[in-house]
Amino acid sequence: MRAELRDTRILHLFANYKWTGPADPAIRAAADLRRLGLDVVFARAGWTLPGAEHRMDMELARAHMPVVGGLALPKHFRPWLLLRDRRVLASRLGRGDFDVLHAHQPADHLVSVLARARAYKRSGRRTVLVRTLYDADAPTRNWRTRQAFAGTDGVIAPSRAVAEAVSARFEISPSRVLVQEPTTLLARAAAAGDLRAAWGLGPEHVLIGITARIQPHRRFDLLWDVAAAVVGAEPNARFVLL
């Protein structure tokens with residue numbers, strides 16, 4: 001590894017305390033960079049709902065990832081917390097604490113670009129900003145995303161279609177948009193053998209699996225209705241919620 005890379009300090013930011021879709025690849029990206037010898041730390045959300053489990057904290061500890069505190073990083077737009085986080089992060093950037101900011105969510109992306117601009121104005125220090133996208137569609141264009149992508153040096157997109165849409169929608173040079181499909185961790189331990197017996201099922205059963213978290217807005221009531229109709233027509237069908 002080149003010496004200049006070893007001396008580069010990278011801050012990953014994730015504006016959500018829940019174990020949501022991009023959380024696992026975000027932590028793995030940071031952890032893999034640390035295994036390569038880079039100086040990488042992680043800023044997780046300090047703001048949570050009262051009494052809520054901070055699953056990101058648990059998974060960051062499991063990954064032995066050093067955590068930076070002091071930032072609220074809520075998922076949803078809260079102007080007073082945005083301004084506070086901008087001030088705190090800009091102060092650290094002005095001191096030269098980080099060379100690269102890697103944003104994974106819309107909220108931390110906006111905080112990063114605002115803090116970077118503030119730090120540059122006050123100290124003259126320039127920080128590189130990268131954003132990773134995870135959704136199958138490019139972000140919509142509004143005043144927040146316009147400002148965020150206008151101040152972004154590089155974007156990592158999950159597909160060619162997303163890369164092209166981001167480049168056109170936010171007038172970003174295609175040379176600054178990298179297409180990288182989400183990685184699969186092949187070394188993760190998998191369940192051994194066929195689980196049908198453990199679940200009390202036989203070879204005659206047809207299994208239909210779903211991995212989404214059960215939340216009211218995802219309309220799982222429709223799934224229950226469909227499951228009842230399917231099993232009524234095909235008694236050997238079973239739905240498996242993972």
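Residues numbered from 1 in each chain as written. Predicted model: local features only at pLDDT ≥ 70, side-chain atom pairs only at ≥ 80, totals over all residues. Heavy atoms only, no water.

A.B. asks: Could you clarify how one ought to interpret the nonpolar core in this entry?
C.D. replies: Within soluble globular proteins, side chains that are nonpolar generally end up buried alongside one another. In this structure, Leu11, Leu89 and Leu101 are the most contacted members of the largest nonpolar core, which totals 25 residues. Of all the secondary structure elements, the ones that give two or more residues to this core are β1 (9-14), β2 (39-44), α4 (79-94) and α5 (106-123). If one sorts the elements of this core by residue count, α5 sits on top with seven residues. In this view, Leu11 contacts Val41, Phe42, Ala43, Val68, Leu89, Phe98, Val100, Leu101 and His102; residues no more than four positions away in its chain are not counted. (Core = buried A, V, L, I, M, F, W, Y, C linked by side-chain atoms within 4.5 Å. Buried < 20%, exposed > 50% of the residue type's maximum accessible area, 1.4 Å probe, protein only. Helix = DSSP H or I, 4+ residues; strand = E, 2+ residues; numbered from the N terminus. Contact = heavy atoms within 4.5 Å.)

A.B. asks: I tried to follow the environment of Val162 on my own but got confused; where do I start?
C.D. replies: You can see Val162 is positioned in helix α7 (residues 160-169). The exposure class assigned to Val162 is buried, which follows from its relative accessible area of 1%. Sequence separation between Val162 and Val179 is 17 residues, and the spatial gap between their C-alpha atoms is 8.5 Å. Once residues within four sequence positions are removed from consideration, Val162 is found in contact with Leu133, Asp135, Ala136, Asp137, Ala138 and Ala157.

A.B. asks: Explanation requested: a nonpolar patch on the surface in the structure shown.
C.D. replies: The grouping of Leu195, Trp199 and Leu242 at the surface amounts to a nonpolar patch, some 320 Å² of accessible area in total. Tracing the backbone through its elements, the reader meets Leu195 in the loop between β7 (177-179) and β8 (206-210). Taking the relative accessible area as the measure of exposure, Leu195 reaches 32% and is therefore partly exposed. (Patch = residues over 30% accessible without salt bridge, like charges linked within 9 Å, V, L, I, M, F, W, Y side chains within 5 Å. Areas by Shrake-Rupley, 256 points an atom, 1.4 Å probe, with all protein chains shown as cover. Salt bridge = Lys/Arg side-chain N within 4 Å of Asp/Glu carboxyl O.)

A.B. asks: Help me understand the layout of surface pockets in this model?
C.D. replies: A water-sized probe rolled over the atoms picks out the places where empty space is left. Quantified by volume, the largest pocket comes out at close to 1,000 Å³. Broken down by secondary-structure element, the contributors of at least two residues to the lining of the largest pocket are α4, α5, β5 (128-132) and α6 (143-150). The class makeup of the residues in the lining of the largest pocket is 21 nonpolar, 13 polar and ten charged. (1 Å grid on protein atoms, 1.4 Å probe; cavity = no way out; pocket = protein on both sides within 12 Å on 5 of 7 lines; lining within 4 Å. Points joined across faces, edges and corners; volume = space filled by probe spheres on them. Nonpolar A, V, L, I, M, F, W, Y, C, P; charged D, E, K, R; others polar.)

A.B. asks: Which parts of the structure should I look at to understand the packing of α4 against α5?
C.D. replies: Each pair of packed helices can be summarised by the angle the axes make with each other and by the distance between the axes. The N-to-C vectors of α4 and α5 enclose an angle of 50°; their axes lie 8 Å apart at closest approach. As the angle between them shows, α4 and α5 are arranged oblique. Read as a crossing pair, α4 and α5 show a hand that is right-handed. Contacts between α4 and α5 involve Leu82, Asp85, Arg86, Arg87, Leu89, Ala90, Leu93 and Gly94 from the first element and Leu110, Val111, Ser112, Leu114, Ala115, Arg116, Arg118, Ala119 and Ser123 from the second. Each residue belonging to the contact of α4 with α5 can be placed in one class, and the counts come to nine nonpolar, three polar and five charged. (Axes fitted to C-alpha atoms, helices over the stretch in contact; angles between N-to-C directions. Parallel < 35°, antiparallel > 145°, perpendicular 65-115°, else oblique. Left-handed = near helix turned anticlockwise from the far one by under 90°.)

A.B. asks: Explain the pattern of salt bridges here, please?
C.D. replies: Where charged atoms from two side chains of opposite charge come close, those side chains can pair. Enumeration over the complete set of coordinates arrives at twelve salt bridges. One salt bridge in this structure joins Arg28 and Asp24, with 2.9 Å as the shortest N-O distance. Residue Arg28 and its partner Asp24 are located together in helix α2 (residues 23-35), separated by four residues, close to a single helical turn. On the accessibility criterion, Asp24 (18% relative accessible area) is buried. In this structure, Arg35 engages Asp32 in a salt bridge whose closest nitrogen and oxygen atoms are separated by 2.3 Å. Taken as a pair, Arg35 and Asp32 lie in helix α2 at a separation of three residues, close to a single helical turn. The exposure class of Arg35 is exposed, given its relative accessible area of 63%.

A.B. asks: Got a minute to help me understand helix α3 (residues 55-62) in this structure?
C.D. replies: Along α3, the residues classified as buried are Met56, Glu59 and Leu60. Within α3, the buried residues cover an arc of 100° as seen down the axis, which keeps them to one side. Away from its buried face by more than 90 degrees, α3 exposes Ala61 and Arg62. Turning to α3, the residues buried within the fold contact β1, α2, β2 and β3 (67-68). A positive backbone phi angle near 55° is found at His64, which sits one or two residues after α3. (Arc of directions from axis to C-beta.)

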